[in-house]
Amino acid sequence: MDGLAEGRATCAICPHTCRLAEGQTGLCHARVAVGGQVVDANYGRVTSLALDPIEKKPLARFRPGTKVLSVGSYGCNLRCPFCQNASIACAGEDDVPWRTMAPAELVELAASLMPEGNVGVAFTYNESLVGFEFVRDTARLARERDLANVLVSNGYVNDGPLREIAPLIDAANIDLKGFTQSFYDLVGGDLDTVKRTIAVLAAEPGCHLEVTTLIIPGLNDGEDEIDAAAAWLASLNPGIPYHITRFFPCHRLQDRPATPPATVHQLAAIARRHLKHVYVGNC
């Protein structure tokens, strides 16, 4: 991804469009300008690797009862004060241990775990798409081995990379962090971009889509907000599974109380006015 201008290369992956001098790293800590292009410096740098139940992604209605080889690196293009994986999502290459795995090596490992119930590779833990090229290259090889590709993402990605990767994705869970721009201002993103990502994946014939909202007291727990989010999702497809999840104090929101379970259940009931499949999490 390039776009050299005034001695700087412009990253094309997300709407931040970081303009980087040679050797400079972008806001996400994962992409760097090299030779007039912005590339994923975290390519193949694995910080986390585990064979997980697929329900942990969370995916409630995609191959239930199976497992998926989950892989993460470092870096993220949002700055959520409630980040649940801050140790890697907010990290750069010098901040966290990692080891290198080529796409072919990761796919071979995934295939070797099929007897243990593995159905594919899940790109998760940190923000997957700041390592776009690694996700794309691995997903192509996984397809050749009849392995499923699972994407867990905040959805803050430009249209070009999104449409390139979408046909390779078998299942995705996208974080809809809130349903107001003011909430996305808090996390450093843009609601309309995430809505477009969800809409594109919902329309992708080969992709099973689920959506998650973490409910944070006083920030995105309004009944009207969840009602509007669920109604909008239903306008795309009322069968989209929607996960409404309880918040616990973490990262920079240590002083905010955990979400009352009653709040999560009430908001789930509101979402069910519009959607067929609504799940509560962390309750």
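Computed from a prediction, not measured in an experiment: that's the story for all the values here. (Residues numbered from 1 in each chain as written. Predicted model: local features only at pLDDT ≥ 70, side-chain atom pairs only at ≥ 80, totals over all residues. Heavy atoms only, no water.)

In total, this model carries 13 salt bridges according to the counting rule given. Residue R140 is joined to E164 by a salt bridge in which the shortest nitrogen-to-oxygen separation is 3.6 Å. Taken as a pair, R140 in helix α3 (residues 132-144) and E164 in helix α4 (residues 159-165) lie far apart in primary sequence, 24 residues in all. Among the residues examined, R140 registers a relative accessible area of 42% and is labelled partly exposed. Accessibility expressed as a relative area gives 32% for E164, which makes it partly exposed. (Salt bridge = Lys/Arg side-chain N within 4 Å of Asp/Glu carboxyl O. Helix = DSSP H or I, 4+ residues; strand = E, 2+ residues; numbered from the N terminus. Buried < 20%, exposed > 50% of the residue type's maximum accessible area, 1.4 Å probe, protein only.)

What follows covers the side chain of T212. Position of T212 among the secondary structure elements: in strand β12 (residues 208-215). Overall, T212 belongs to the buried group, its relative accessible area being 8%. Beyond its immediate stretch of four places on either side in the chain, T212 contacts P58, N173, I174, D175, L176, Y242, H243 and T245. (Contact = heavy atoms within 4.5 Å.)

Below, the discussion takes up α3. Here α3 contains 13 residues, and its C-alpha end-to-end distance of 19 Å stays within 8% of the 18 Å for a straight helix at 1.5 Å per residue. Looking at α3, one finds that the buried residues are F132, E133, F134, V135, R136, T138, A139 and A142. Against β3 (31-34), β4 (37-40), α2 (103-112), β9 (118-123), β10 (148-153) and α4 lie the buried residues of α3. Note on α3: the residue one or two positions beyond its end, D146, has a positive phi of about 60°. (Expected span 1.5 Å × (residues − 1).)

Let us now look at the sheet that holds strand β7 (residues 67-72). Pairing is mixed in the open sheet, where eight strands are placed in the order β6-β7-β9-β10-β11-β12-β13-β14. Only two strands of the sheet have a single partner each, and these edge strands are β6 (48-53) and β14 (278-281). With direction set aside, neighbouring strand axes in the sheet form an average angle of 20°. Summarising the sheet, β7 and β9 pair through four bridges and their orientation is parallel. In the strand pairing of β9, V71 is matched with F123. In the packing of helix α6 (residues 191-203) onto the sheet, the strands contacted are β11 (171-175) and β12, and the crossing angle to β11 comes to about 160°. Sheet contacts for helix α7 (residues 223-236): β12 and β13 (242-246); angle to β13, the most-contacted strand, approximately 155°. (Pairing = 2+ DSSP bridges. Axes fitted to C-alpha atoms, helices over the stretch in contact; angles between N-to-C directions.)

Looking now at the state of the cysteines. Evaluated as defined, the whole model comprises zero disulfides. Here C28 stays unpaired: no disulfide links it, and the sulfur of C11, its closest cysteine neighbor, is 6.4 Å away. Looking at C28, the relative accessible area reads 7%, which means it is buried. (Disulfide = S-S within 2.5 Å.)

Here we take up the pairing of β7. Most of β7 sits inside the fold, with five of its six residues counted as buried. Alignment of β6 against β7, held across six bridges, turns out to be antiparallel. Looking at β7, one finds that S48 is bridged to G72.

Moving on to unusual backbone geometry. Looking along the chain, the bond that leaves K57 and enters P58 is cis, with omega of -10°. By secondary structure assignment, the location of P58 is in the loop between β6 and β7. Even without glycine at this site, T17 takes up a positive phi of about 40°. Checked against the element boundaries, T17 lands in the loop between β1 (9-10) and β2 (19-20). T17 sits in the partly exposed class, given a relative accessible area of 38%.

Estimated volume of the largest pocket: approximately 920 Å³. Among the elements of the structure, β10, β11, β12, β13 and β14 are those that each provide at least two residues to the lining of the largest pocket. Residues that form the lining of the largest pocket fall into these classes: 17 nonpolar, 13 polar and eight charged. (1 Å grid on protein atoms, 1.4 Å probe; cavity = no way out; pocket = protein on both sides within 12 Å on 5 of 7 lines; lining within 4 Å. Points joined across faces, edges and corners; volume = space filled by probe spheres on them. Nonpolar A, V, L, I, M, F, W, Y, C, P; charged D, E, K, R; others polar.)

This paragraph deals with the pairing of β9. Judged by how many residues are buried, β9 sits mostly within the fold: six of six residues are covered. Pairing of β9 with β10 involves four bridges; the strand directions are parallel. When the bridges of β10 are listed, A122 appears paired with V150. In the classification by handedness, the crossover that spans β9, the intervening α3 and the parallel β10 is right-handed. (Right-handed = clockwise from strand over helix to strand, strands pointing away.)

These values are about where atoms sit, not about what they do.
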